[in-house]
Amino acid sequence: MKKREKAGFFFILPWLIGLIVFTAFPMIAAVYISMTDWDIVGNAAFIGINNYKMLFSSEEFIRSLWVTVRYAVIAVPLIIATSLTMAVLVSKNRKGSGVFRVIYYMPAIVSGVAVAIVFKWILDPSYGLLNGVLSFFGIQGPDWLYDPDWVLPSYLIMAVWGAGGSLLTYLAALKDIPEDLYGAAMIDGANVFQRVKYITVPLMTPIIFYNLVLGIIGAFRKFTDAYVLGGAGKEGNFYMVYLYEEAFGHYRMGYATALAWVLFVIILLLTFIVNWTKKYWVYSE
Amino acid sequence: MKKVLSVILITVMLAALTGCGNASSQSGKKTYTFATWAAGTELQEFQQIIDKVNEEANGEYTIEVLSIPSDYYVKISTKIAAKKSPDFFWLTQELISKYADMGALADITAQFEASSVLKPDMFYEGVLASAQYNGSYWGLPWIANPMMVYYNKTMFTDMGIPCPEATDDWTWAEFIDVCRQFSGKEYRGNTVYGTVIDGWPNIETFIWAGGGDIIGEDGTTIVLDSEEAKNGLGYLQTIVAEGLSPRYAEVSSLGDNNVWFEKQRVAMYFGGMQDNFEIKVAAMSEDEQFEIGYAPLPVCDGGGQWSFDWTASTVMAKSLEGDETAYKALEAVTQAFFEWKIAPPVKDSVENVVNINPTKENALETIAYTMEYARSAYYIPEWSDINDKLWYNLYVQLLSDSNFDYKAEMDTIAAYARELINQRK
């Protein structure tokens, strides 16, 4: 190895050590832990794939996975559609658009716990903002988080409220679309919807793809607001909440680690699938 | 270069492994760490107590404070996992059996029974039982917070309803009758209720009300599906069905359930001894103030009278088992705690309650009465799993729908609990 290469190696050494100690080693350890019966305190007993067998026969696992999948299937496209629409609306430099950009993006910088507490009030069945507005129109609002049937819609409302998080990436992508294309389309008589459909959306597909992947990962890792707010009938028991409870509520660290690996595999598979579909719908030059 | 790289990688891996395997407390050591969830003012008070204990130890030992104000149990358990357990730490009653079963705690039975400083018979029996598991003592209780009934004496008087007495032997049926006299009536421009229930008081309180229990005293028998336990939950069903408490979904609208009592929306509240309604009411404007009355929990069917008690114990790390100096420090610090918070879990100390908290003077008679029958549930290592079912599948269901078939669910949970115990390693 040349002197220059050696110097380079030593420059990246702190990062390399961090990667080994804080990422590679815990991952290898986690594979082993997932195959043990370990209650954190005592010694871990190797039980092979028993945790994985138990997991797939557990009602709670199925339920939490179902709660999470159902949320992801609806929330991810909903968030993409909402944030893309918001981005298109505020992308033009009209009077006041800067204010709206700030307002839409603001949820992204608010802590998850604070959001959960605010929504606890917004969704309060008796004195909440939402039911207050509904009652103004003579509609009796539901019990939201206290009614199992309304827990998922409650979380979807929260998701839409926070959709501005990806606004910046969409805005940046919108700015990259050449104005000439819109000009040419207008000369050809394309109306606003046609311009969005045939120019904006296709050219935005790379960033939609990026947000789709991140959205899927985020939906499956949903934790903070679900942990704070919960939901009637365990409908707010998302996968990560279940994992956390198993690890630190019931002290089943081996089982919880197996849950974490299953989640990793699910997310990995979904990412591969989405990546495979890329060639059919993502625009590339 | 490959060799250098290999050496570095191996060194890093070994360092990581070594870091995970180091024990922090060893027998004979004279400096102990004490983990606490106390924060802010409470932490300052805690530190002062520890400083005083250290001073009185005359250099025999020193206790150092380790404050863990958030995610306390997550951090405690990970420290134990990393073989860096604090020497002393607080543990709430339902976790004693779990931690003892996992081998994290020192068995202090021999030292406790032989001690001339703090003896088992000095403690209230029901409170001390919370630190026992499998016939051994695993910690020293330092605080007791049993439940009693706070009531709005002004509301009772204004509405012409006779008040319960400070040591009343009223039954649950009588309690419900009193609730009926308030619920749905107007008071100070609001509809009021007899009491408020939203998961508090806990399900044990109602199960005990019928003379039943969840787990037997032996820690292996499940009695949740007994007729007595079902009758007890019948009282809860009556309260929900007759609207004697605000709807479950409505309670949080005012904030925590205690706000319903503070805002004079309910006549009676099941509160812990430590609840500071006296201070809150004194801080209210004159027209909002009301007189607080105190009564014990109603007598259970069959004559038993239990008040659910929340107790925390100070426990010692397993590595200190048999360490006489450590046990001496544990005793010294526990005794100091008795002068700090209410209620001290030892007999003949009720008068001390007023010294610690003068606002509780009017409650003294009820406190003294309640302490005699304060107890926690019989907790076993499987409690967290059983409790999950009790909460989600039973209590919340019944609170949300009074027609819920709670008896069938109690049978299901009892069968589940028995299976868990059968699988015990």
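Residues numbered from 1 in each chain as written. Chains lettered and ligands numbered in written order. Predicted model: local features only at pLDDT ≥ 70, side-chain atom pairs only at ≥ 80, totals over all residues. Heavy atoms only, no water.

Overview of the overall build of chain B
Put simply, the rule is: For helices the rule is a DSSP run of H or I covering at least 4 residues; for strands it is a run of E covering at least 2, with both sets numbered from the N terminus onward. C-alpha atoms define the radius of gyration, and 2.2 Å times the number of residues to the power 0.38 defines the globule rule. For every residue, the accessible area (1.4 Å probe, protein chains only) is compared with the maximum for its type, and the residue is labelled buried under 20%, exposed over 50%, or partly exposed between those bounds. Note on contacts: a residue pair is in contact if any heavy atoms of the two residues lie within 4.5 Å. Under the convention used here, a 1.4 Å probe and the Shrake-Rupley method define accessible areas, while residue burial counts only the protein chains that appear. As used throughout, the charge tally considers Lys and Arg to be positive and Asp and Glu to be negative, leaving His and the chain termini uncounted. Here the site of a charge means NZ on Lys, CZ on Arg, CG on Asp, or CD on Glu.
For chain B, the helix and strand inventory stands at 18 helices and 13 strands. Compactness check: chain B gives a C-alpha radius of gyration of 24 Å against a globular reference of 22 Å for 425 residues, within 12% of the reference. Considering only C-alpha atoms, chain B reaches an extent of 85 × 50 × 50 Å along its principal axes. Evaluated residue by residue, chain B yields a buried proportion of 55% over its 425 residues. Sequence separation of 24 or more characterises 76% of the internal contacts of chain B that already satisfy a separation of 6 or more. Accessible surface computed for chain B: about 17,500 Å², of which carbon and sulfur atoms make up 48%. Measuring between centres, the 31 positive side-chain charges of chain B sit 10 Å from its 60 negative side-chain charges.

Some points on the overall build of chain A
Secondary structure assignment for chain A yields 13 helices and two strands. Taking the principal axes of the C-alpha coordinates as reference, chain A spans close to 75 × 70 × 35 Å. A fraction of 66% describes how many contacts in chain A between residues 6 or more apart in sequence connect residues 24 or more apart. For chain A, the exposed area adds up to about 16,000 Å²; of that, 70% sits on carbon and sulfur atoms. Here chain A carries 21 positive and 18 negative side-chain charges, and the mean point of each set is 12 Å from the other.

A look at the environment of Asp401 of chain B
All names here are of chain B. Test applied: In the analysis that follows, any N or O atom pair within 3.5 Å is treated as a polar contact, provided that within protein one partner can donate a hydrogen and the other can accept it, and provided that, for residues neighboring in sequence, both atoms belong to side chains.
Its place among the elements puts Asp401 in the loop between α17 (383–400) and α18 (406–422). For the pair Asp401 and Ala241, spaced 160 residues apart in sequence, the C-alpha to C-alpha distance is 8.1 Å. Of the polar contacts made by the side chain of Asp401, one reaches the backbone nitrogen of Asn403; its length is 3.0 Å.

Re the interface of chain A and chain B
To be explicit about the condition: In this description, buried area is defined as the sum, over both parts, of the accessible area (probe of 1.4 Å) that is lost when the two are combined. We define a salt bridge as a contact between a side-chain nitrogen of Lys or Arg and a carboxyl oxygen of Asp or Glu at a distance within 4 Å. Three residue categories are used. Nonpolar comprises Ala, Val, Leu, Ile, Met, Phe, Trp, Tyr, Cys and Pro, charged comprises Asp, Glu, Lys and Arg, and polar comprises the others, including Gly.
Every contact between the two is made by 31 residues of chain A and, on the other side, 37 residues of chain B. In total, about 3,000 Å² of surface goes out of reach between chain A and chain B, with carbon and sulfur atoms giving 66% of it. Sorting the residues of chain A by area buried against chain B places Val41, Tyr146 and Tyr251 of chain A first, and these three jointly supply 22% of that buried surface. Arg247 of chain B is paired through a salt bridge with Asp143 of chain A; the nearest N and O atoms lie 3.0 Å apart. In this structure, the connection of chain A to chain B is made through nine residue pairs in polar contact (both at pLDDT 80 or more). Among the elements of the structure, α1 (3–33) and α12 (239–249) of chain A are those that each provide at least two residues to the side of chain A that touches chain B. The residue makeup of the side of chain A that touches chain B, split by class, is 17 nonpolar, six polar and eight charged.

A closer look at helix α14 (residues 324–337) of chain B
Residues and elements named next belong to chain B. Definition in use: Helix span, expected: 1.5 Å multiplied by one less than the number of residues in the helix.
With 14 residues, α14 should reach 20 Å at 1.5 Å per residue; the first-to-last C-alpha distance of 20 Å fits that figure. Of the residues making up α14, those classed as buried are Thr325, Ala326, Tyr327, Ala329, Leu330, Glu331, Val333, Thr334 and Phe337. Two or three places before Thr325, at the start of α14, stands the capping residue Asp323, its side-chain oxygen 3.0 Å from that residue's backbone nitrogen.

Quick notes on the packing of aromatic side chains
Residues and elements named next belong to chain B. To keep it simple, the criterion reads: The aromatic pairing rule takes the rings of Phe, Tyr and Trp, using the six-membered ring of Trp, and pairs them if the centres are within 6.5 Å, calling planes under 30 degrees apart stacked, those over 60 edge-to-face and the rest tilted.
Enumeration over the complete set of coordinates arrives at 63 aromatic pairs over all chains. Between Tyr32 and Tyr61 the ring centres are 6.4 Å apart and the planes differ by 50°, which places this aromatic pair in the tilted class. Within this pair, whereas Tyr32 is found in strand β1 (residues 31–36), its partner Tyr61 is found in the loop between α2 (40–56) and β2 (62–67), the two being separated by 29 residues in sequence. Judged by its relative accessible area of 0%, Tyr32 falls in the buried class. You can call Tyr61 buried: its relative accessible area is 5%. The interplanar angle of 80° and the centroid separation of 5.5 Å between the aromatic rings of Trp170 and Phe175 together place this pair among those described as edge-to-face.

Comments concerning helix α8 (residues 172–182) of chain B
Because an α-helix completes one turn every 3.6 residues, residues spaced three or four positions apart along the sequence face the same direction. Residues and elements named next belong to chain B. To keep things clear, this is the line we draw: Relevant arc is that of directions from the helix axis to the C-beta atoms, nothing else.
Those residues of α8 not exposed but buried are Trp172, Phe175, Ile176, Val178, Cys179 and Phe182. Down the axis, α8 shows its buried residues gathered within 155° of arc, on one side only. Next to the buried residues of α8 lie α7 (153–158), β9 (193–195), α9 (203–209), α10 (227–241) and β10 (266–272). Looking one or two places after α8, you find Gly184, whose phi comes out positive at around 85°.

So, the packing of α12 of chain A against helix α13 (residues 253–281) of chain A
How two helices pack is summed up by the angle between their axes together with the distance between the axes. Residues and elements named next belong to chain A. Keep this limit in mind: Axis angles are defined between N-to-C directions and span 0 to 180 degrees, where every axis is a line fitted to C-alpha atoms and, for a helix, only to the segment in contact. For classification purposes, angles smaller than 35 degrees are called roughly parallel, those larger than 145 roughly antiparallel, those between 65 and 115 roughly perpendicular, and all remaining angles oblique. The sense of a crossing depends on the near helix, which, turned anticlockwise from the far helix by less than a right angle, makes the crossing left-handed and, turned clockwise, makes it right-handed.
Viewed as axis vectors pointing N to C, α12 and α13 meet at an angle of 160°, and their least axial separation amounts to 7 Å. In terms of their interaxial angle, α12 and α13 are classed as roughly antiparallel. Handedness of the α12/α13 crossing: left-handed. Across from Tyr239, Met240, Tyr242, Leu243, Glu246, Ala247 and Phe248 in α12, the residues of α13 making contact are Met253, Tyr255, Ala256, Leu259, Ala260, Val262 and Leu263. Its residues placed into classes, the contact of α12 with α13 shows 13 nonpolar, no polar and one charged.

Looking at the confidence of the model for chain B
All names here are of chain B. To be explicit about the condition: A residue's pLDDT is simply how confident the predictor is in it, with values from 0 to 100.
With 93% of its residues at a pLDDT of at least 70, chain B reaches an overall mean of 92. The low-confidence segment residues 16–28 (pLDDT under 50) makes 23 contacts with residues lying over four places distant or belonging to another chain. On the interface metric, ipTM, the complex scores 0.81, and its pTM is 0.86.

Some thoughts on the layout of surface pockets
This is how it is decided: Throughout, the protein atoms alone are placed on a 1 Å grid, and a set of points is a cavity if a 1.4 Å probe fits but cannot get out or a pocket if it is open with protein on both sides within 12 Å along at least five of seven lines; lining residues have an atom within 4 Å of a point. Grid points are joined across faces, edges and corners, and a volume is the space filled by probe spheres set on the points.
Of the volumes computed, that of the second largest pocket is approximately 1,400 Å³. Surrounding the second largest pocket, 40 residues form its lining, Met54 and Arg252 of chain A together with Asp385, Leu420 and Gln423 of chain B being those nearest its centre. Elements that contribute at least two residues to the lining of the second largest pocket include exactly β1 (36–37), α2 (50–56), α3 (59–91), α12 and α13 of chain A together with α4 (93–101), α17 and α18 of chain B. Looking at the lining of the second largest pocket, its residues break down into twelve nonpolar, eleven polar and 17 charged.

Side note on the pairing of β10 of chain B
All names here are of chain B. Short version of the rule: Two strands pair under a simple rule: DSSP has to find at least two bridges between them.
Burial runs high along β10: seven of the seven residues are buried. The pairing of strand β6 (residues 140–152) with β10 spans five bridges and is antiparallel. Bridge pairing in β10 links Val149 to Phe270. In terms of strand pairing, β9 meets β10 through two bridges, oriented parallel. The residue bridging Thr195 from the neighbouring strand is Met268, located in β10.

Details of the pairing of strand β11 (residues 292–295) of chain B
The side chains of a regular strand alternate between both faces of the sheet. Residues and elements named next belong to chain B. Here β11 shows no split at all, with Ile292 and Tyr294 on one side and Gly293 and Ala295 on the other all buried. Summarising the sheet, β6 and β11 pair through four bridges and their orientation is antiparallel. Looking at β11, one finds that Val149 is bridged to Ala295.

What about the nonpolar core?
Quick reminder of the rule: The nonpolar core is taken to be a set of buried Ala, Val, Leu, Ile, Met, Phe, Trp, Tyr and Cys residues, with the residues joined through side-chain atoms within 4.5 Å.
Grouped together as the largest cluster of nonpolar side chains are 123 residues, with contacts concentrated most on Phe89 and Tyr99 of chain B. If you tally residues by element for this core, the top one is α3 of chain A, at twelve residues. Every residue in contact with Tyr99 of chain B, bar those within four places of it in the chain, is listed here: Tyr251 of chain A together with Tyr73, Ile76, Ser77, Ile80, Phe89, Leu91, Ala104 and Leu105 of chain B.

With respect to the pattern of salt bridges
Residues and elements named next belong to chain A. Using the criterion set out here, one finds 19 salt bridges over all chains in the structure. Across the pair Glu235 and Arg70 runs a salt bridge, and its minimum N-O distance is 2.7 Å. Here the residue Glu235 occupies a position in the loop between α11 (224–229) and α12, and Arg70 occupies one in helix α3, the gap between them amounting to 165 residues. Residue Glu235 is classed as buried on the basis of its relative accessible area of 17%.

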